[in-house]
Amino acid sequence: MLDKLTAAVLEIVNEETDGSYKVVDADELLSRLPARFRADAAGLSNALSFLCARGYIDIRYSDKGTYCLCSLPKGRSYAESNASEAKQTKAKHSIAALFFGAFAGGAVGAIVAGLIAAFLLC
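Residues numbered from 1 in each chain as written. Predicted model: local features only at pLDDT ≥ 70, side-chain atom pairs only at ≥ 80, totals over all residues. Heavy atoms only, no water.

**Q** Mind laying out the sheet that holds strand β3 (residues 66-71), listing which residues take part and the relevant values?
**A** Across the sheet, 3 strands lie side by side as β1-β3-β2; this open sheet has antiparallel pairing. Only two strands of the sheet have a single neighbouring strand rather than two, namely β1 (22-25) and β2 (57-63). The mean angle between the axes of side-by-side strands here comes to 30°, regardless of whether they run parallel or antiparallel. Strand direction decides the pairing type here: β2 and β3, joined by 6 bridges, are antiparallel. Bridge assignment links Tyr-61 to a residue of β3, and that residue is Cys-68. Set on the sheet, helix α3 (residues 41-53) makes contact with β2 and β3; between it and β2 the angle comes to about 140°. (Pairing = 2+ DSSP bridges. Helix = DSSP H or I, 4+ residues; strand = E, 2+ residues; numbered from the N terminus. Axes fitted to C-alpha atoms, helices over the stretch in contact; angles between N-to-C directions. Contact = heavy atoms within 4.5 Å.)

**Q** Can you tell me about the environment of Asp-18, naming the residues and giving the values?
**A** Along the chain, the position of Asp-18 falls in the loop between α1 (4-17) and β1. Residue classification places Asp-18 among the exposed positions, given a relative accessible area of 62%. In this structure the C-alpha to C-alpha distance between Asp-18 and Phe-103, which are 85 residues apart in sequence, comes to 47 Å. When near neighbours in sequence (up to four residues on either side) are disregarded, Asp-18 contacts Val-13 and Ser-71. (Buried < 20%, exposed > 50% of the residue type's maximum accessible area, 1.4 Å probe, protein only.)

**Q** Please provide a residue-by-residue account of α1, values included.
**A** Along its 14 residues, α1 runs 20 Å from first to last C-alpha, staying within 8% of the 20 Å computed at 1.5 Å per residue. Those residues of α1 that fall on the buried side of the exposure criterion are Thr-6, Ala-7, Ala-8, Val-9, Leu-10, Ile-12, Val-13, Asn-14, Glu-16 and Thr-17. Within two residues after α1, Asp-18 carries a phi angle of roughly 50°, on the positive side. (Expected span 1.5 Å × (residues − 1).)

**Q** Could you give an account of the pairing of β3, with specific residues and numbers?
**A** Across the 6 residues of β3, 5 count as buried, placing the element largely inside the fold. One ladder, built from 4 bridges, connects β1 with β3; its direction is antiparallel. Residue Asp-25 lies in a different strand from β3, and its bridge partner there is Thr-66.

**Q** Run through the nonpolar core, naming residues and quoting values.
**A** Counting 21 residues, the largest nonpolar core has Leu-2, Val-9, Leu-10, Leu-48 and Leu-51 as its most contacted members. Of all the secondary-structure elements, those providing two or more residues to this core are α1, α2 (26-32), α3 and β3. Among the elements that take part in this core, α1 stands out by supplying 6 residues, more than any other. Ignoring anything within four residues of it in the chain, the contact list for Leu-2 reads Ala-7, Leu-10, Phe-50, Leu-51, Tyr-56 and Tyr-78. (Core = buried A, V, L, I, M, F, W, Y, C linked by side-chain atoms within 4.5 Å.)

**Q** Tell me what's going on with the pattern of salt bridges, and back it up with residues and numbers.
**A** Any two side chains of opposite charge can pair, given that their charged atoms come close. Counted by the stated rule, this structure contains 3 salt bridges. The closest approach of N and O atoms between Lys-22 and Glu-16, which form a salt bridge, is 2.9 Å. The buried category is assigned to Glu-16, whose relative accessible area is 15%. (Salt bridge = Lys/Arg side-chain N within 4 Å of Asp/Glu carboxyl O.)

What follows is the structure in C-alpha coordinates.
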(Lines give C-alpha, C1' and ligand atoms only; values in the text may rest on other atoms or scores of the structure.)
Protein backbone atom coordinates (compact mmCIF):
# COMPACT_ATOMS: atom_id res chain seq x y z
CA MET A 1 0.00 0.00 0.00
CA LEU A 2 1.38 3.37 -0.98
CA ASP A 3 1.01 6.57 0.97
CA LYS A 4 -0.97 9.40 -0.60
CA LEU A 5 2.02 11.37 -1.88
CA THR A 6 3.65 8.34 -3.49
CA ALA A 7 0.34 7.25 -5.02
CA ALA A 8 -0.15 10.74 -6.46
CA VAL A 9 3.37 10.70 -7.92
CA LEU A 10 2.70 7.27 -9.43
CA GLU A 11 -0.53 8.53 -10.96
CA ILE A 12 1.29 11.46 -12.57
CA VAL A 13 4.04 9.19 -13.88
CA ASN A 14 1.42 6.85 -15.36
CA GLU A 15 -0.29 9.77 -17.10
CA GLU A 16 2.98 11.20 -18.41
CA THR A 17 4.72 8.07 -19.65
CA ASP A 18 2.05 5.57 -20.81
CA GLY A 19 4.57 2.73 -20.60
CA SER A 20 7.37 4.43 -22.56
CA TYR A 21 10.38 6.31 -21.29
CA LYS A 22 10.00 10.05 -21.03
CA VAL A 23 12.26 12.80 -19.74
CA VAL A 24 10.48 14.95 -17.15
CA ASP A 25 11.64 17.77 -14.94
CA ALA A 26 11.10 17.70 -11.18
CA ASP A 27 9.42 21.11 -11.34
CA GLU A 28 6.92 19.75 -13.88
CA LEU A 29 6.04 16.83 -11.62
CA LEU A 30 5.82 19.07 -8.54
CA SER A 31 3.52 21.50 -10.33
CA ARG A 32 1.09 18.68 -11.13
CA LEU A 33 0.93 17.46 -7.52
CA PRO A 34 -2.03 18.73 -5.48
CA ALA A 35 -1.12 21.62 -3.18
CA ARG A 36 -2.12 19.68 -0.05
CA PHE A 37 1.02 17.51 -0.34
CA ARG A 38 3.47 20.44 -0.17
CA ALA A 39 6.27 18.31 -1.55
CA ASP A 40 9.68 19.60 -2.47
CA ALA A 41 12.35 18.20 -4.79
CA ALA A 42 13.75 15.96 -2.05
CA GLY A 43 10.32 14.51 -1.25
CA LEU A 44 9.68 13.88 -4.92
CA SER A 45 13.06 12.19 -5.27
CA ASN A 46 12.29 9.96 -2.28
CA ALA A 47 8.88 9.01 -3.71
CA LEU A 48 10.38 8.20 -7.11
CA SER A 49 13.17 6.13 -5.50
CA PHE A 50 10.61 4.23 -3.43
CA LEU A 51 8.49 3.50 -6.52
CA CYS A 52 11.55 2.37 -8.45
CA ALA A 53 12.79 0.10 -5.64
CA ARG A 54 9.36 -1.57 -5.39
CA GLY A 55 9.02 -2.13 -9.15
CA TYR A 56 6.27 0.38 -9.91
CA ILE A 57 8.41 2.55 -12.21
CA ASP A 58 11.82 2.38 -13.83
CA ILE A 59 14.22 5.31 -13.64
CA ARG A 60 16.72 5.12 -16.47
CA TYR A 61 18.65 8.12 -15.18
CA SER A 62 18.27 11.10 -12.93
CA ASP A 63 20.40 14.21 -12.99
CA LYS A 64 19.84 17.43 -11.03
CA GLY A 65 16.06 17.30 -11.00
CA THR A 66 15.63 15.75 -14.47
CA TYR A 67 14.39 12.18 -14.67
CA CYS A 68 14.04 9.70 -17.51
CA LEU A 69 11.38 7.33 -16.27
CA CYS A 70 8.79 4.83 -17.34
CA SER A 71 5.80 3.28 -15.61
CA LEU A 72 5.95 -0.49 -15.32
CA PRO A 73 3.00 -2.91 -15.51
CA LYS A 74 2.90 -3.19 -11.71
CA GLY A 75 2.51 0.59 -11.43
CA ARG A 76 -0.22 0.77 -14.05
CA SER A 77 -2.14 -2.13 -12.50
CA TYR A 78 -1.88 -0.51 -9.06
CA ALA A 79 -3.48 2.65 -10.40
CA GLU A 80 -6.27 0.68 -12.09
CA SER A 81 -7.03 -1.41 -9.00
CA ASN A 82 -6.95 1.69 -6.81
CA ALA A 83 -9.52 3.36 -9.08
CA SER A 84 -11.80 0.31 -8.98
CA GLU A 85 -11.55 0.16 -5.17
CA ALA A 86 -12.60 3.80 -4.99
CA LYS A 87 -15.66 3.06 -7.15
CA GLN A 88 -16.60 0.11 -4.95
CA THR A 89 -16.27 2.20 -1.80
CA LYS A 90 -18.43 4.93 -3.31
CA ALA A 91 -21.07 2.34 -4.28
CA LYS A 92 -21.12 0.94 -0.73
CA HIS A 93 -21.62 4.41 0.72
CA SER A 94 -24.45 5.06 -1.75
CA ILE A 95 -26.22 1.84 -0.79
CA ALA A 96 -25.92 2.67 2.92
CA ALA A 97 -27.28 6.17 2.33
CA LEU A 98 -30.21 4.78 0.35
CA PHE A 99 -31.04 2.28 3.07
CA PHE A 100 -31.00 4.80 5.91
CA GLY A 101 -32.85 7.36 3.81
CA ALA A 102 -35.62 4.86 3.08
CA PHE A 103 -35.75 3.86 6.75
CA ALA A 104 -36.05 7.49 7.86
CA GLY A 105 -38.75 8.15 5.25
CA GLY A 106 -40.73 5.14 6.46
CA ALA A 107 -40.43 6.26 10.07
CA VAL A 108 -41.62 9.79 9.26
CA GLY A 109 -44.50 8.37 7.22
CA ALA A 110 -45.56 6.14 10.11
CA ILE A 111 -45.47 9.04 12.56
CA VAL A 112 -47.53 11.26 10.24
CA ALA A 113 -50.05 8.45 9.67
CA GLY A 114 -50.30 7.91 13.45
CA LEU A 115 -50.93 11.62 14.04
CA ILE A 116 -53.61 11.75 11.34
CA ALA A 117 -55.30 8.67 12.79
CA ALA A 118 -55.17 10.16 16.29
CA PHE A 119 -56.86 13.40 15.14
CA LEU A 120 -59.53 11.50 13.18
CA LEU A 121 -60.42 9.22 16.10
CA CYS A 122 -60.79 12.03 18.64
